[in-house]
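Here is how the chains run, residue by residue.
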Amino acid sequence: MFYLFPFGDVPKSEGVIIYGAGDIGQLFIQQLEVTRFFSTIYVTDKKITSAKQEGAIKFVREDALLRLPAYPIIVASLKFADEIELHLKKLGVNANRVVKLNANHVMEEGQYEPHTFDWNEYYKDAEEHNEVQFQTYLEPLMQKYHFNLSQVMDFACGKGRIADLLSGNCESLICVDTSQEAISHCASRFDEKENVECRISKPEKIPADSGSVSFIYSWDAMVHFDYKSVDYILSEFSRILSIGGYAVLHHSNAREHQDFKADKNWRKNPHCRSEFNAEDMRHICRKSGFIVEEQQIMDWGIKALDCISVIRKC
Ligand SMILES: C[S@@+](CC[C@H](N)C(=O)[O-])C[C@H]1O[C@@H](n2cnc3c(N)ncnc32)[C@H](O)[C@@H]1O
């Protein structure tokens, strides 16, 4: 959620007092620092125990409130706005000075597609978990199915942490991702590996010739794809995979989860999982010419949050 400072509702004044130093208060401070709307900014609430100044912002104890100039007081809370207003009145604040938020100041965060999201934080953190994820989930499937590794594709490879572990087993490996930065990183990471090629992908087209790929895997990326995106990407997989070629796809199982109701906006769900599940994958496979060989429902922080589908192009 984004909370807009109620610029239009605050009477003209040289200074302002924000009541509440929590998340909403911090958002207000950021907006006021950028806009420089007021020359003096005080922040106060019950939890501030000693006065301090950070840049232009003066944090003061609540019991100092009545000694401050009579600037408008903006309540940095939506849920507790009425309670805080009452509290301020009890402290002796004139009700005319109190400005509360209304629903128009609350804005839903935009619905990012996974390919427009900034994954840099993720790339940094994920590198620590490569081996354990590979050995626990992917390696047993490699041993069981003996996939044809002549022309492999890592779909949505990120900075290549899984490709690094698998490349030694592949005759040739194509890493694709929509992130230019991730692909540049992969290109230098695999500079010495002659069998690895890195290509920038587009959400609407994977850069590979029809029928040119023998095996596709995708790890911890399609978990954020909604039904429409998976449906579309599977039509691309169907185009580029040779007949009989397998794909191992790690995807979400959050739709109709027993512990929570998955939101349409993947970023609102636990571990940013999309509103998609194993049944959806079976449905898409049926209509796109894939046989589902097996599905492993797996835990990811939450029981049964994810699924690995092993599918084969027929
Ligand atoms: C959470 S990261 C996972 C990266 C990698 N598979 C790993 O395990 O480290 C998700 C990746 O998916 C990529 N991505 C998202 N949508 C994509 C799409 N439609 N086609 C290709 N890559 C995509 C992002 O750029 C990002 O690098």
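Here goes a summary of the coordinates provided. By convention here, each chain's residues receive numbers from 1 onward along its written sequence. Residue-level local features of this predicted model are given only where pLDDT is at least 70; pairs of side-chain atoms are given and counted only at 80 or more, and the full residue set underlies all totals for whole chains, interfaces and linings. As a convention, hydrogens and water are excluded, and side-chain values are obtained from all of the structure's heavy atoms.

Quick word on the site of the ligand
Heads up, the condition is: Proximity is defined per residue: if any heavy atom of the residue lies within 4 Å of a molecule or strand, that residue is considered near it. A 3.5 Å cut-off defines polar contacts: any pair of N or O atoms within that distance qualifies, except that in protein one atom must be a possible hydrogen donor and the other a possible acceptor, and neighbouring residues in sequence count only when both atoms are side-chain atoms. Exposure was quantified through the Shrake-Rupley algorithm and a 1.4 Å probe, taking into account, for residues, occlusion by the shown protein chains and nothing else.
Around the ligand sit 19 residues in total, of which Tyr 123, Ala 156, Arg 161, Asp 177 and Trp 219 are the nearest. One nitrogen or oxygen atom from the side chain of Tyr 123 is found 2.6 Å from an oxygen atom belonging to the ligand. A distance of 2.6 Å separates an oxygen atom of the ligand from a polar atom in the side chain of Arg 161. Summarising the interface, the protein chains cover 98% of the accessible area of the ligand, which totals 590 Å² for the free molecule.

With respect to the sheet that holds strand S13 (residues 241–252)
Short version of the rule: Only strands joined by at least two bridges in the DSSP assignment are considered to pair. A run of DSSP states H or I qualifies as a helix once it reaches four residues; a run of E qualifies as a strand once it reaches two. Both are numbered from the N-terminal end. Lines fitted to the C-alpha atoms define the axes, with helices restricted to the stretch that makes contact. Angles between their N-to-C directions range from 0 to 180 degrees. Residues count as neighbours in contact if any of their non-hydrogen atoms are within 4.5 Å of one another.
With mixed pairing, the seven strands of this open sheet are ordered in space as S11-S10-S9-S12-S13-S15-S14. Edge positions in the sheet fall to strand S11 (196–200) and strand S14 (290–300), since each has one partner strand and no second. On average, each strand axis in the sheet is tilted by 15° relative to the strand beside it, whichever way the strands run. The sheet contact formed by strand S10 (residues 173–177) and S11 spans five bridges and is parallel. Each bridged residue has a counterpart across the sheet, and for Leu 173 the counterpart in S11 is Val 196. Packing of helix H7 (residues 227–240) onto the sheet brings it into contact with strand S9 (152–155), strand S12 (213–218), S13, S14 and strand S15 (302–313), and relative to S13 it is tilted by some 150°.

Focus: the sheet that holds strand S6 (residues 73–75)
The six strands are arranged S4-S5-S3-S2-S6-S7 in an open sheet whose pairing can be described as mixed. Across the chains shown, the open sheet's two edge strands, defined by having one partner strand only, are strand S4 (52–54) and strand S7 (98–99). Bridge count between S6 and S7: two bridges; the pairing is parallel. By the bridge assignment, Ile 73 is partnered in S7 with Val 98. Along the sheet, helix H1 (residues 23–35) makes contact with strand S2 (15–19), strand S3 (40–45), strand S5 (57–61) and S6, crossing S2 at roughly 160°. Its contacts with the sheet put helix H2 (residues 81–91) on S2, S6 and S7, and the angle it makes with S6 is roughly 150°.

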